[in-house]
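Chain by chain, the residues:
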There are 2 protein chains.
Amino acid sequence: MTGDAGRLRFCYFTSFTPAGPPGAQWNNPDGVKFNYLDVDHWIKFAAALEAAKFDAVFFADHSGVHDVYQGSYATAVREAVQFPSGDPMTLTAALASSTRDLGFVFSANVIQEQPYAFARRVSSLDHLTRGRVAWNVVTSFQRSAWQNLGFDDMANHADRYERAEEFLTVVYKLLEGSWEEGAVVRDEVNAIYADPSKVHPIEHRGKHFSVPGIHVSEPSPQRLPFLFQAGSSDSGRDFSARNAESIFVTALNPAGARKTISDMQTRLEASSRLSSDLLFFIGTNIIVGSTEEEARRKSAEVDEMLSSEALLAFGSSTMGVDLSQIDLDSPVGEFKTEALQGQFRAIAEAAPDKSWTFREVVKGILTKRIAGTPEQIADRLEEWRAAGVHGINLGTLTGPFGILEFTEHVVPTLQERGLMQREYTQGTFREKITAGTSNAAGRWVNDRHPAARFRRVTKP
Amino acid sequence: MTGDAGRLRFCYFTSFTPAGPPGAQWNNPDGVKFNYLDVDHWIKFAAALEAAKFDAVFFADHSGVHDVYQGSYATAVREAVQFPSGDPMTLTAALASSTRDLGFVFSANVIQEQPYAFARRVSSLDHLTRGRVAWNVVTSFQRSAWQNLGFDDMANHADRYERAEEFLTVVYKLLEGSWEEGAVVRDEVNAIYADPSKVHPIEHRGKHFSVPGIHVSEPSPQRLPFLFQAGSSDSGRDFSARNAESIFVTALNPAGARKTISDMQTRLEASSRLSSDLLFFIGTNIIVGSTEEEARRKSAEVDEMLSSEALLAFGSSTMGVDLSQIDLDSPVGEFKTEALQGQFRAIAEAAPDKSWTFREVVKGILTKRIAGTPEQIADRLEEWRAAGVHGINLGTLTGPFGILEFTEHVVPTLQERGLMQREYTQGTFREKITAGTSNAAGRWVNDRHPAARFRRVTKP
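None of these values were measured; they are calculated from a predicted model.

Glancing now at the overall build of chain A. Counting its regular elements, chain A contains 16 helices and 13 strands. For 460 residues, the compact-globule formula gives about 23 Å, and the C-alpha radius of gyration of chain A, at 22 Å, lands near that figure. In terms of principal-axis extent, the alpha carbons of chain A reach across some 70 × 50 × 45 Å. Counting the 460 residues in chain A, one finds 64% classified as buried. Taking the contacts inside chain A whose residues are at least 6 apart along the sequence as the reference set, 75% of them involve residues at least 24 apart. For chain A, the accessible surface area stands at approximately 15,800 Å², while carbon and sulfur atoms represent 48% of it. Distance from the positive charge centre (48 side chains) to the negative charge centre (58 side chains) of chain A: 4 Å.

Below, the structure written as structure tokens:
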């Protein structure tokens, strides 16, 4: 696959909600053609992505509701702001058998269940998809999610990552440390399914979790699924540098991405990993026109559909600030950025122009787009690639079926330019997604990853 | 569907494990043809059940490992005693799109996750299957499951049911009480997806759970999935009488079933429900022969494959007694039955013959079977029906693909006799499974069910 060395990786960025990608309007004429509750619509959508050789579909997720704006969930409910939502792991399973190569990145936060039960669900998904899943590790920023999941209140930022780190450690121990390779023997004649001496209790006793026992599922193709993360704060970036295999970089332009990538590579080395141990993804929406003018017109139509209330509801929740209480036209640079969370904080700190207003930041991030002809889109994507970006989390602001325009008109151009793969690499998601990098991986996390230290050497 | 008034309902009883049905040997020549990790095998299996008009596939589940026997998990691991296991909700989702009418009964215990997250997963499954799921409510009897899921130790029997009851209450409130009917408006023109004034926080604050918020999924076809339960202790039966819509009756013969059914009907009335509000299922394995002699021979072959170690490992765990520490040939009647748990306690208390030994009880329950010609099998099933049984949880001791013999040779006979449906009833699982009873249900639990009291009348 040497021809793919310079390729970009493509995930379609959506969620198990009426509108799909963030910023998209559920009532867009294209959007209403897609019924997110109908599994047959998802199957058709996944087939289109697979035919176009997309690497994966990426399911964002929030366990709660965006209820910071005006102190209420009313806008989120009325305007379907990533709401109502279904469970992305369930949707991933539903799409397992209709696809053969497409990967599935499901988001799951570490407060929704115990790591012991979660690890079994993850093994199940990896088995049923033959090793095609990736886990986007989420530490929920929604107070309502924490409060409904048995916590008095949301933990502070540092504690959230501390808890997430222990959750990951338990999952690493279960998936990598409990079953030695070769423990499953399936000896029919002697009626031995697995060798108990090669299955080990993990004996984890930590601050947040106590898991003395063994993992109850046998090792799946990847054991630990490929790990995505999107931490943008300082502690979030350190967390990613230690644990992630791919991260989502928040940047409004290639220069901003280059800066974050460079920072992350320094952090990787501080974690005894290689700078090539992490794939960098950026997110953008795509609007395709057969001429530049058509693309501009379609982009203007999207803008006309956009609800500023919906954007503010989403922005308030992800920024952690009730935007109804502040002057939206004041520059972000004048605000105390420590009060902001998530990607908005990263933008406010790294924005090319500190004079951007809150209104501009919210719209700029949520509806960030490349609008143009196939050639123009390819040109823009090449600029991201030149900045060190490995992949694109691509969305369409007109609902998931909007991808059909992209697959028909843009994918051939990208493939001609070597920007997108023409064939899938054989193997698991980890093998497919890292193919063509200087650090192509096998089925399992590499030896520098912290999960690897829990592996047991098989006794002779 | 008047011709179906006297029909029995058929679930295939299995689990997401190498051997499938309890008691089956994974290394049976038929069993090894079925790879439980291969979704395509499950799809083929589900298609066979659907072609034969089975009502559902029933996934048993244990979150832990059977480690009571000899104080170790060694036998369970070595002999694949319902182990290793995957998550049945994940498997259910994987089979959603390849089937149209088949139901899915997934077991899920109430200690594996928070009810808020569980409720979303349940709504997701009910949406993706178009209302074809049922939940078998399990209160885990495995100490190892509790210890790995964040509890210091297993709760005592009464506390387990108290906790389960509160878990159910939260699920009822979320699925029935949070969204009024009509809350989802999907008004494209005015960009109103749902009416926030019709979506309500449940404000649950109890002993075990605090869930102040709203349910984040919109109502699915059944809202609350059809509820199975298998409680056999006194408190288990009361729990079922209050909450279940179908129960699994442990009985070795029709007279035993009649006794339990009568007892349950009394309890139903004490819970202000009708005696017809509960469907009664019994479990049995089937061995088919074209002659009686062939059936007897095949049954003997199964016995030859059976591992007594595997049966004892399973029996020890489900009885709550390490059977390696007691005289297996002593009569069950001499044992303090209070020390026993689960179906074995019910048997020990209700067994036709108190002189049965532990060895006989374990084998008798786990490998209970009807072996015979299609006509003989039909005769035996008619005896169960005459005892008031509504449905059969049917297994095959040679692995899931053993069902092909049953569907080919026995189903036509059962359909001719009116013992099995020839066509599916339209609608959700609840409508399908209750069709033909004196109390056929709609999509939702009926008004006498405790979940119904959380419904909100839509404001005019």
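Counting residues in each nonpolar core, the largest one holds 253 residues, and the members touching the most others are A:Phe54, A:Trp135, B:Phe54 and B:Trp135. Beyond its immediate chain neighbours, meaning those up to four positions away, B:Trp135 contacts B:Phe106, B:Ala108, B:Val110, B:Phe118, B:Phe167, B:Leu168, B:Val171, B:Pro225, B:Phe226, B:Leu227 and B:Phe228.

On to the relation of the copies chain A and chain B, then. Once turned by 180 degrees and shifted 0.0 Å along the axis, chain A lies on chain B with an RMSD of 0.0 Å. Expressed as an axis order, the relation between the two copies is that of a two-fold axis. Closest approach to the rotation axis within chain A is made by the C-alpha atom of A:Ala94, at a distance of 2.1 Å. The fraction of interface residues of chain A whose copies in chain B are also interface residues reaches 100%, indicating that both copies meet through the same surface.

A few words on helix H13 (residues 374-386) of chain A. Residues three or four positions apart in an α-helix share a direction because the helix packs 3.6 residues into each turn. Residue and element names in this part refer to chain A. Helix length check: H13 (13 residues) gives 18 Å between terminal C-alpha atoms against 18 Å at 1.5 Å per residue, within 8%. Listed as buried for H13 are Pro374, Ile377, Ala378, Leu381 and Trp384. The arc that holds the buried residues of H13, viewed along the axis, is 115 degrees, so those residues lie on one side. Looking at the residues trailing H13, positive phi occurs at glycine 388, about 100 degrees.

As a further point, take the interface of chain A and chain B. Between chain A and chain B, the residue contacts involve 73 residues of the former and 73 residues of the latter. Carbon and sulfur atoms supply 60% of the area that chain A and chain B bury against each other, a total of about 6,200 Å² over both sides. Across the chain A-chain B interface, the total number found is 12 salt bridges. Ionic pairing is found between A:Arg130 and B:Asp38, a salt bridge with its closest N-O pair at 2.9 Å.

Time to look at the pattern of salt bridges. Summed over the entire model, instances satisfying the criterion amount to 66 salt bridges over all chains. For A:Asp61, the salt bridge goes to B:Arg120, with nearest N and O atoms at 2.8 Å. One end of the pair, A:Asp61, is in the loop between strand E2 (56-60) and helix H2 (74-79); the other, B:Arg120, is in helix H4 (residues 115-128), on a second chain. Overall, B:Arg120 belongs to the buried group, its relative accessible area being 5%. A cluster of three or more residues bridged by salt bridges with shared partners is formed by A:Asp87, A:Glu113, A:Arg121, B:Asp87, B:Glu113 and B:Arg121.

For any two helices packed against each other, the geometry is given by the interaxial angle and the distance between the axes. Residues and elements named next belong to chain A. The interhelical angle for the contact between helix H4 (residues 115-128) and helix H6 (residues 157-177), taken along N-to-C directions, is 50 degrees, at an axis separation of 9 Å. Relative to H6, the element H4 lies oblique. H6 is crossed by H4, and the crossing has right-handed handedness. Of H6, the residues touching H4 (which contributes Pro115, Tyr116, Phe118, Ala119, Val122 and Ser123) are Phe167, Val170, Val171, Leu174 and Leu175. Looking at side-chain class alone, the contact of H4 with H6 contains 10 nonpolar, 1 polar and no charged residues.

The next subject is unusual backbone geometry. The omega angle of the peptide bond from A:Phe83 to A:Pro84 is -10 degrees, so this bond is cis rather than trans. Of note, A:Pro84 is situated in the loop between H2 and helix H3 (88-94). Although it is not a glycine, B:Lys53 adopts a positive phi angle of roughly 65 degrees. Positive phi, normally seen in glycine, also occurs at B:Ala191, with a value near 60 degrees. With respect to the element layout, B:Ala191 can be found in the loop between strand E5 (184-187) and strand E6 (192-194). Relative accessible area serves as the criterion here: at 22%, B:Ala191 is assigned to the partly exposed category.

Residues and elements named next belong to chain B. Between its first and last C-alpha, helix H8 (residues 254-270) extends 24 Å over 17 residues, near the 24 Å set by a 1.5 Å rise per residue. Within H8, burial applies to Gly256, Ala257, Thr260, Ile261, Met264, Arg267 and Leu268. All buried residues of H8 lie within an arc of 130 degrees about the axis, which places them on one face of the element. Exposed residues lying more than 90 degrees from the buried face of H8 are Ala255, Lys259, Thr266, Glu269 and Ala270.

In the sheet, E5(B) pairs with E6(B) via 2 bridges, with the strands oriented antiparallel. Its bridge partner being in E6(B), B:Asp187 is matched across the sheet by B:Ile192.

Tracing the sequence through the fold places A:Arg453 in the segment after helix H16 (429-434). With 281 residues separating them in the primary sequence, A:Arg453 and A:Tyr172 have C-alpha atoms 9.1 Å apart.

Another point: the packing of aromatic side chains. This structure, assessed with the given rule, holds 50 aromatic pairs over all chains. Put simply, the rings of A:Tyr12, A:Phe16, A:Phe34, A:Tyr36, A:Trp42, A:Phe45, A:Phe59 and A:Phe401 pair up and form one aromatic cluster. Lying across the ring of A:Phe401, A:Lys44 places its NZ or CZ 4.9 Å from the centre. Cation over ring: B:Arg223 sits above B:Trp444, and NZ or CZ is 5.8 Å from the ring centre.

The next thing to look at is the side chain of B:Ser85. Tracing the chain through its elements places B:Ser85 in the loop between helix H2 (74-79) and helix H3 (88-94). Polar side-chain contacts of B:Ser85 include one of 2.8 Å to the side chain of A:Arg120.

A few words now on the confidence of the model for chain A. For chain A, the mean per-residue pLDDT works out to 91, and 95% of the residues sit at or above 70. Taken over the whole predicted complex, pTM reads 0.96, whereas the ipTM for its chain interfaces reads 0.95.

The subject of this paragraph is the side chain of B:Arg121. Structurally, the position occupied by B:Arg121 is in helix H4. The exposure class assigned to B:Arg121 is buried, which follows from its relative accessible area of 2%. Side chain to side chain, B:Arg121 and A:Glu113 meet in a polar contact 3.1 Å long. Once residues lying within four places of it in the same chain are set aside, the contact partners of B:Arg121 are A:Asp87, A:Met89, A:Thr90, A:Gln112, A:Glu113, A:Arg121, B:Met89 and B:Glu113.

Moving on, we get to the packing of helix H7 (residues 234-243) of chain B against H8(B). Residue and element names in this part refer to chain B. Orientation of H7 relative to H8, taken along the N-to-C sense of each, is 60 degrees, at an axis distance of 9 Å. Between H7 and H8, the interaxial angle falls into the category oblique. The handedness of the crossing between H7 and H8 is right-handed. Along the contact surface, H7 presents Asp234, Arg237, Asp238, Ser240 and Ala241, while H8 presents Thr260, Asp263, Met264, Arg267 and Leu268.

With respect to the helices, strands and loops of the structure, A:Asp152 is situated in the loop between helix H5 (143-148) and H6. Residues A:Asp152 and A:Gly206, spaced 54 residues apart in sequence, show a C-alpha to C-alpha distance of 20 Å.

What follows concerns the pairing of strand E13 (residues 391-395) of chain B. Residues and elements named next belong to chain B. Of all 5 residues in E13, 5 are buried; the element is thus mostly enclosed. Residues Gly391, Asn393 and Gly395 point to one face of E13 and Ile392 and Leu394 to the other, with burial holding for every one of them. With 4 bridges connecting them, strand E1 (residues 9-15) and E13 associate as parallel partners. Paired with arginine 9 across the two strands is glycine 391, which belongs to E13. As paired elements, strand E11 (residues 279-288) and E13 share 5 bridges and run parallel to each other. Bridge assignment links asparagine 285 to a residue of E13, and that residue is glycine 395.

Conventions and cut-offs
Residues numbered from 1 in each chain as written. Chains lettered and ligands numbered in written order. Predicted model: local features only at pLDDT ≥ 70, side-chain atom pairs only at ≥ 80, totals over all residues. Heavy atoms only, no water. Helix = DSSP H or I, 4+ residues; strand = E, 2+ residues; numbered from the N terminus. Rg over C-alpha atoms; globule rule 2.2 N^0.38 Å. Buried < 20%, exposed > 50% of the residue type's maximum accessible area, 1.4 Å probe, protein only. Contact = heavy atoms within 4.5 Å. Areas by Shrake-Rupley, 256 points an atom, 1.4 Å probe, with all protein chains shown as cover. Lys, Arg positive; Asp, Glu negative; His and termini not counted. Charge placed at Lys NZ, Arg CZ, Asp CG, Glu CD. Core = buried A, V, L, I, M, F, W, Y, C linked by side-chain atoms within 4.5 Å. Least-squares fit on C-alpha atoms with pLDDT ≥ 70 in both. Expected span 1.5 Å × (residues − 1). Arc of directions from axis to C-beta. Buried area = accessible area lost by both parts, 1.4 Å probe. Salt bridge = Lys/Arg side-chain N within 4 Å of Asp/Glu carboxyl O. Axes fitted to C-alpha atoms, helices over the stretch in contact; angles between N-to-C directions. Parallel < 35°, antiparallel > 145°, perpendicular 65-115°, else oblique. Left-handed = near helix turned anticlockwise from the far one by under 90°. Nonpolar A, V, L, I, M, F, W, Y, C, P; charged D, E, K, R; others polar. Pairing = 2+ DSSP bridges. Phe/Tyr/Trp six-rings, centres within 6.5 Å; stacked < 30°, edge-to-face > 60°. Lys NZ or Arg CZ within 6 Å of the ring centre and 35° of its normal. Polar contact = N/O pair within 3.5 Å; in protein donor to acceptor, adjacent residues only side chain to side chain. pLDDT = per-residue confidence, 0-100.

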